[in-house]
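Here is what each chain is made of, one letter per residue.
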Amino acid sequence: MSREFILGRVRSALDRKTGQVVPPPPPVWLLDTDWTLEEKLASFKEKLERLAGVVHMADSPENAREIVASLITGKTAVVSNATLLADLGITRLPGVTVAGQDSEQSRKLCAECSFGITGAAFALAQTGTLVMRANSQEARLVSLLPPLHVAVVRKEQLIVDLDELLTKIPKPVEDSSSMVLITGPSRTGDIEQILVRGVHGPGVVHVVFL
Amino acid sequence: MSIQETLQDSKLQLAIYTATGRLMDHRANAISPELLPRYQEMRQHAHDLKKHTIENLDHYMEEFEKNVIAHGGKVVFCKDATEVSDFILRLAKERGAHLFVKSKSMTSEEIDLNERMEHHGLEPVETDLGEYIIQLAHQKPYHIVAPALHMTRFQVADLFTEKLGVPREEVIEEQTMIARRVLREKFLAADIGITGANFLVADSGAVVVVENEGNARLTSSAPKIHIAVAGMEKLIPRAQDLAVMLGLLGRSATGQALTSYTSILSGPKRPGEVDGPEEFYVVLLDAGRTKLLEDPEKRESLYCIRCGACLNHCPVYRKIGGHNYPWVYSGPIGKILAPQFKGLMADPWLPFASSLCGVCAEVCPVKIDIPRVLLQLRSEITEEKQRTNQGGLERLAFKAFAWAMRRPWIYEWGGMMGAGLLGNGGRWISELPIAPGPVKAWLSQRHLPAPAVRSFREQWRARRTK
């Protein structure tokens, strides 16, 4: 439509020619912070708890399953297709349904269940953040529609910060349409700046480290 | 509500002061040297990045487009508001779409997108809680980051009862849950989701959206079609630049190192992905931006990342609030954007309504020198007035002033007269029943300092003759 017109105007405003070489941009600024696993775990816990999130430490796969089981007792849960969750036996807990590969069915489950249970691609220690990438294992809506979110994360997936994430993955949407960083529960302060959690996304976030 | 009414509304004054004050505190904590020792370096880096991108914008627009297409999406170049609504209307017609969910976007406010869509019988629903309230009340956002900053829970209670037919509810948590229930149905039924973009990433063809509620995630994930509407100045070269840009945006806006949700999105859902939109469009909007680019002196106005820090810190914004600015962008950044987008003479008073205290430039995360741009705009407006022979009285006054200042005896005589007149701080002028309007208004709020009994010149003469 107006593509050529707009690009032409931009070029003439900037006094540039079509295809003119661009000087190199300022160098990438990514800090390299080296933390031990203990430091990372402590920081993640502190940061997420400050946002009213809850962090659990599992000492074995059985323990991880027990923690999740006790959280969802008596409630319904939709579980993502992550192999980790199947391996841990979380998909076989009572009240649990697997999201599956069908978009409509997965969406329906997410809209009905109390809990959404997922893995995570990474966790960021500096901010208490979960990194979710959409793919066949993780549907977008499992960590979004249910009022409560539980993520099970292996300690090896815990990295320091956004800088480390973007160093590891310089092109976050190269092989997934979506990378979402989740830092604590959904929140708003739009009425009189009073904090309310769970306005659209989950109001409660649990992270189980294994 | 006029400036006068805003100043006299003590509850509103308190609300603006408290809200902006809290945001100032959050920012100050987040950028403190203990937490962010290299904050000033980050700002300079962000400034350099935006400068580089803006000065080579055509290149990054093309690179962005290429990568969006590679991921199965489309970029729609729109030169004005009409082209945006034409595109959306056509797509709506082709897909049989009627219900739209929207997440907060200043760009869509800028082009009155909701009004345009409603005019054509479509139903756009704002889903950010503050924006939803504003939409129900048929108002414009009061603040870039906190759109309903000026409204109380009681006003929201009235509004929800009137517009949604729900029983009156004054508890904020419950009001929020009412909005959640109403909007959840809209999300699940919507045909198309429209978001804005905080950043557009050239090397990834990605749209980046930052939020706390989850409504932008729902808007971009639940409906079958996702449209992101963004000004073309939102580009940054690389995804890796997000570390600095996101870090500055969240901290400057609300004091958050990262907001609750940051979505980095490109293209429709890929083969094998469970859910996500089937179509993905990015509207790249000009609407005055290329004109702004032409001016190397003021081009930096386009570096803005809409954090709202300059509003929170501005002594003028904090008194007059967000609705007394002529356009959707309020505060210091609004003062430099409005004249450049809407025309210099649309509101020629605007760049002058500033004390040039400079706090806006000091807190700007991308180091836009707002006071300098304000001065530039002022001089352009004054030139324009001279060219069109406006402002005759003002020019006459300055001519008289220059004439008097070149004649010491007039200066001295004036000083004596002034000392006599203002002996008690000019109080009598404000008490005159027919005092000249602006003088009376000024003196009704404050008194002039009483001049010295003996002027400097008199004292100097006395010393010399001793």
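Conventions used here
- Residues numbered from 1 in each chain as written.
- Chains lettered and ligands numbered in written order.
- Predicted model: local features only at pLDDT ≥ 70, side-chain atom pairs only at ≥ 80, totals over all residues.
- Heavy atoms only, no water.
- Helix = DSSP H or I, 4+ residues; strand = E, 2+ residues; numbered from the N terminus.
- Buried < 20%, exposed > 50% of the residue type's maximum accessible area, 1.4 Å probe, protein only.
- Contact = heavy atoms within 4.5 Å.
- Lys, Arg positive; Asp, Glu negative; His and termini not counted.
- Charge placed at Lys NZ, Arg CZ, Asp CG, Glu CD.
- Disulfide = S-S within 2.5 Å.
- Expected span 1.5 Å × (residues − 1).
- Arc of directions from axis to C-beta.
- Pairing = 2+ DSSP bridges.
- Axes fitted to C-alpha atoms, helices over the stretch in contact; angles between N-to-C directions.
- Patch = residues over 30% accessible without salt bridge, like charges linked within 9 Å, V, L, I, M, F, W, Y side chains within 5 Å.
- Areas by Shrake-Rupley, 256 points an atom, 1.4 Å probe, with all protein chains shown as cover.
- Salt bridge = Lys/Arg side-chain N within 4 Å of Asp/Glu carboxyl O.
- pLDDT = per-residue confidence, 0-100.
- Core = buried A, V, L, I, M, F, W, Y, C linked by side-chain atoms within 4.5 Å.
- Buried area = accessible area lost by both parts, 1.4 Å probe.
- Polar contact = N/O pair within 3.5 Å; in protein donor to acceptor, adjacent residues only side chain to side chain.
- Domains from an automatic or database assignment.

Regarding the overall build of chain B
- Tallying secondary structure elements over chain B gives 23 helices and 10 strands in all.
- Dimensions of chain B, computed from the C-alpha atoms along their principal axes, are close to 100 × 55 × 50 Å.
- Looking at chain B as a whole, 56% of its 466 residues qualify as buried.
- In chain B, 72% of the contacts between residues at least 6 apart in sequence involve partners at least 24 apart.
- A gap of 9 Å separates the mean positions of the 58 positive and 56 negative side-chain charges of chain B.

Examining the environment of Thr18 of chain B
All names here are of chain B.
- On the secondary structure map, Thr18 appears in helix α2 (residues 10–30).
- What makes Thr18 partly exposed here is its relative accessible area of 36%.
- Taking the C-alpha atoms as reference, Thr18 lies 44 Å from Glu63; in sequence the two are 45 residues apart.

Re the state of the cysteines
Residues and elements named next belong to chain B.
- Taken as a whole and judged by the stated rule, the model has zero disulfides over all chains.
- Cys310 supplies the cysteine sulfur nearest to Cys304, a cysteine that is in no disulfide, at a spacing of 6.6 Å.
- Judged by its relative accessible area of 9%, Cys304 is buried.

With respect to helix α1 (residues 3–14) of chain A
All names here are of chain A.
- Counted at 1.5 Å a residue, the expected span for α1 with its 12 residues is 16 Å, and the 17 Å between its end C-alpha atoms agrees.
- Considered for burial, the residues of α1 that qualify are Ile6, Leu7, Val10, Arg11, Ala13 and Leu14. Seen end-on, α1 carries its buried residues on one side only, within an arc spanning 165°. Away from its buried face, by an angle of more than 90 degrees, α1 presents the exposed residues Glu4 and Ser12.

Remarks on the sheet that holds strand β3 (residues 123–126) of chain B
Residue and element names in this part refer to chain B.
- Spatial ordering of the open sheet is given by β1-β10-β7-β4-β2-β3, a layout of six strands whose pairing is parallel. Each having just a single partner strand, β1 (74–78) and β3 make up the two edges of the open sheet. Each strand axis lies, on average, 25° off the axis of its neighbour in the sheet, ignoring direction.
- Strand direction decides the pairing type here: strand β7 (residues 225–231) and strand β10 (residues 279–285), joined by seven bridges, are parallel. Counterpart to Gly231 in the pairing with β10 is Leu285.

Considering a negative patch on the surface
Residue and element names in this part refer to chain A.
- Taken together, the side chains of Asp32, Asp34, Glu38 and Glu39 make up a negatively charged region of the molecular surface.
- Looking at where Glu39 falls in the secondary structure, it is placed in helix α2 (residues 37–50).
- The class for Glu39 is partly exposed, based on a relative accessible area of 42%.

Remarks on the confidence of the model for chain B
- Within chain B, residue pLDDT values average 94, and 97% of them lie at 70 or more.
- Interface predicted TM-score (ipTM) for the complex: 0.98; the corresponding pTM is 0.93.

Concerning the nonpolar core
- With 104 residues, the main nonpolar core has Leu165 of chain A together with Met61 and Ile333 of chain B as its most contacted residues.
- When residues in this core are grouped by element, the largest group, eight residues, is from helix α12 (residues 242–254) of chain B.
- If we skip the residues at most four places from it in the chain, Met61 of chain B touches Ile6, Leu7 and Val10 of chain A together with Phe77, Met232, Leu235 and Leu284 of chain B.
- Counting residues in hydrophobic clusters, the runner-up holds 34 residues, among them Val101, Ala148, Leu159 and Ala179 of chain B.

Overview of the sheet that holds strand β2 (residues 77–79) of chain A
All names here are of chain A.
- The parallel open sheet is built from six strands, whose spatial order is β1-β12-β7-β4-β2-β3. Each of the sheet's edge strands pairs with one partner strand only, and the pair in question is β1 (54–57) and β3 (96–98). Within the sheet, the average angular offset between the axes of one strand and its neighbour, ignoring direction, is 20°.

Side note on the interface of chain A and chain B
- Listed per partner, the contact involves 80 residues of chain A and 98 residues of chain B.
- Taken together, both faces of the contact between chain A and chain B bury some 7,500 Å²; the carbon and sulfur share is 58%.
- In terms of surface lost to chain B, no three residues of chain A exceed Trp29, Ile191 and His200 of chain A, which account for 12% of the buried area on that side.
- The tally of links between chain A and chain B comes to eight salt bridges.
- Notably, a salt bridge pairs Arg3 of chain A with Glu65 of chain B, separated by 2.6 Å at the nearest N-O pair.
- Between chain A and chain B we count 41 residue pairs in polar contact (both at pLDDT 80 or more) in total.
- When contributions to the side of chain A that touches chain B are tallied by element, the ones reaching two or more residues are α1, α5 (103–112), α6 (162–168), β9 (178–183), β10 (187–188) and β11 (196–197) of chain A.
- Per element, the largest residue contribution to the side of chain A that touches chain B is nine residues, and it comes from α1 of chain A.
- In terms of strand pairing, β9 of chain A meets strand β9 (residues 261–265) of chain B through five bridges, oriented antiparallel. Bridge pairing in β9 of chain B links Ser178 of chain A to Leu265 of chain B.

With respect to the pairing of strand β6 (residues 129–133) of chain A
Residues and elements named next belong to chain A.
- Burial runs high along β6: five of the five residues are buried.
- Judged by which residues are buried, β6 turns out to be covered on both faces: Thr129, Val131 and Arg133 on one side and Leu130 and Met132 on the other are all buried.
- Bridging between strand β5 (residues 122–124) and β6 involves three bridges; their strand directions are antiparallel. Its bridge partner lying in β6, Leu124 is registered against Thr129.
- Taking the residues between adjacent antiparallel strands as the criterion, β5 and β6 are bridged by four residues, where Gly128 takes a positive phi near 70°.
- Where β6 and β9 come together, five bridges link them in antiparallel fashion. Bridge pairing links Thr129 to Thr183 in β9.

Comments concerning the domain arrangement of chain B
- Domain annotation of chain B identifies domain 1 (3–290) and domain 2 (405–464).
- Once you take the C-alpha centre of each, domain 1 of chain B and domain 2 of chain B turn out to be 53 Å apart.

A look at the side chain of Glu300 of chain B
Residue and element names in this part refer to chain B.
- Position of Glu300 relative to the elements: it lies in the loop between α13 (289–293) and α14 (309–313).
- Classification of Glu300 as buried rests on a relative accessible area of 10%.
- A polar contact of 3.0 Å, which involves the side chain of Glu300, links it to the backbone nitrogen of Asp369.
- Discounting residues that sit within four places of it in the chain, Glu300 has contacts with His47, Lys367, Ile368, Asp369, Arg372 and Val373.

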